[in-house]
Amino acid sequence: MALIPFAACLMSLGCLAPAQPPASTLQLTTHDTANRIGSVVLTCDPPGGTHPKRDKACAVLSGVDGDFSRINARHQACTLIYAPVDVTAIGSWRGKPVSFHTTYANRCEAGRDSDDVFAF
């Protein structure tokens, strides 16, 4: 009798591997006052996509569970030149929808304050 639950488990493949969190896929964009638009795809779990610093960006987002508002800025001086950069992140983080938008004072601040998530 003990083999029946095990056989049912094998048939469903549910007992063969631990459940993995859903993959994370984000479309990140930047738009500045010179009308330059940047756009990359970032996938995590495992890191991939077109983001030039995908491993670091995924690590940063993992540390805040995909909540862009909780990213800690790294220590770096930036100029005080005001050249606003609008950034957006749309997609999903481990199965949860993500929609983030903010404006940084310049590209340096966008990279610093997002700990390189928006450094592209």
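Above this text sits the structure in question.
What you are looking at is a predicted structure, and each value in this text was computed from that prediction instead of being measured. (Residues numbered from 1 in each chain as written. Predicted model: local features only at pLDDT ≥ 70, side-chain atom pairs only at ≥ 80, totals over all residues. Heavy atoms only, no water.)

S.K.: Explanation requested: the overall build of the protein in the structure shown.
M.R.: In terms of helices and strands, the protein carries three helices and five strands. Counting from the amino terminus, helix and strand elements in the protein follow one another as α-β-β-β-α-β-β-α. When each of the 120 residues of the protein is scored for burial, the buried share is 32%. Of the contacts made within the protein by residues no fewer than 6 positions apart, 53% connect residues no fewer than 24 positions apart. Only carbon and sulfur atoms are counted for the fraction: they give 62% of the accessible area of the protein, which is about 7,200 Å². (Helix = DSSP H or I, 4+ residues; strand = E, 2+ residues; numbered from the N terminus. Buried < 20%, exposed > 50% of the residue type's maximum accessible area, 1.4 Å probe, protein only. Contact = heavy atoms within 4.5 Å. Areas by Shrake-Rupley, 256 points an atom, 1.4 Å probe, with all protein chains shown as cover.)

S.K.: So what exactly am I meant to see when it comes to unusual backbone geometry here?
M.R.: Excluding glycine, a negative phi dihedral is what most residues carry, and trans is how most peptide bonds are arranged. The omega torsion of the bond from Asp45 to Pro46 falls at 10°, within 30 degrees of zero and hence cis. Within the secondary structure, Pro46 sits in the loop between strand 2 (37-44) and strand 3 (48-49). Despite not being glycine, Asp115 shows a phi value in the positive range, around 50°. Take Asp115: it is sitting in the segment after helix 3 (107-113).

S.K.: Help me understand helix 2 (residues 54-63) in this model?
M.R.: One full turn of an α-helix is made of 3.6 residues, so residues set three or four places apart face in the same direction. Within helix 2, the full set of buried residues consists of Ala57, Cys58, Val60 and Leu61. Buried residues of helix 2 fall within an arc of 160° about the axis and therefore sit on the same side. Counted as exposed and oriented over 90 degrees from the buried face of helix 2: Asp55 and Gly63. (Arc of directions from axis to C-beta.)

S.K.: When you look at the nonpolar core in this model, what are you seeing that I'm missing?
M.R.: Nonpolar side chains in soluble globular proteins tend to be buried together. By size, the foremost hydrophobic cluster in this structure holds 22 residues, and its most contacted members are Leu26, Leu28, Leu42, Leu61, Phe68, Val117 and Phe118. In contact with Leu28, not counting residues within four places along its chain, are Gly38, Ser39, Val40, Leu42, His51, Phe68, Thr88, Ala89, Val117, Phe118 and Phe120. (Core = buried A, V, L, I, M, F, W, Y, C linked by side-chain atoms within 4.5 Å.)

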